[in-house]
Amino acid sequence: YKARPDPDNALPHRLRHTRRVMTKPFPLKPLLDLSKNRLDAATRDLGELIANEQEGARKLELLQNYRNEYEERFRDALGNGIGVEALRNYSAFISRIDDAIRIQREQVQHSQRRTQAGKQAWVDQRNKVKAFDTLQNRHDTAELRKTAKGEQRLLDEHSANRHRARNESDGH
């Protein structure tokens, strides 16, 4: 008499321990991690660039507002009558404010160009991460298919062995 395998047991003992077929790790994982780190750095850099641009724009607005206020005071002083020396001082100061506004406007424009370049660097890095993510998803899908095929092959072998064992025990 040969003992028949338990039909309620889905897999024989030797297969229960090897049920999960080992998958290969994603070979480009180090590059994916590196690109993610670079994306994080590009995100931080872009945040700083945007903050600097906003700060420069705020300073420019303050200078322009100050100039407008000072020019208004200058007009009021002209309306009330001012001396030549005061007129010269007002004009010189407004000229210095205009120079500061011009310099600040150039700095804001430079900051805007740097921010735009930072945005492009961020987009480029994000696209690299997306590409590696896509490759990893394809790799994972392929590995899952291989695992499923391997598990199915083991189940088929087990089923064939059970069928053969049943036939042999019935025939004897």
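Residues numbered from 1 in each chain as written. Predicted model: local features only at pLDDT ≥ 70, side-chain atom pairs only at ≥ 80, totals over all residues. Heavy atoms only, no water.

Draft legend 1. Region of the structure containing the pattern of salt bridges. All told, the structure shown has 9 salt bridges when counted by the stated rule. For Glu55, the salt bridge is made with Arg58, and the minimal N-O distance between the two is 2.5 Å. A residue pair is termed a helical-turn pair when its members lie 3 or 4 positions apart in one helix, as Glu55 and Arg58 do in helix H2 (residues 29-80) at 3 residues. Judged by its relative accessible area of 31%, Glu55 falls in the partly exposed class. With a closest N to O distance of 3.3 Å, Lys146 and Glu143 form a salt bridge. Of this pair, Lys146 and Glu143 both sit in helix H3 (residues 84-171), 3 residues apart, which is roughly one turn of the helix. For Glu143, a relative accessible area of 8% translates into the label buried. Each of Arg67, Glu71, Arg75 and Asp98 takes part in a single network of salt bridges with overlapping partners. (Salt bridge = Lys/Arg side-chain N within 4 Å of Asp/Glu carboxyl O. Helix = DSSP H or I, 4+ residues; strand = E, 2+ residues; numbered from the N terminus. Buried < 20%, exposed > 50% of the residue type's maximum accessible area, 1.4 Å probe, protein only.)

Taken by themselves, the reported measurements are silent on function.
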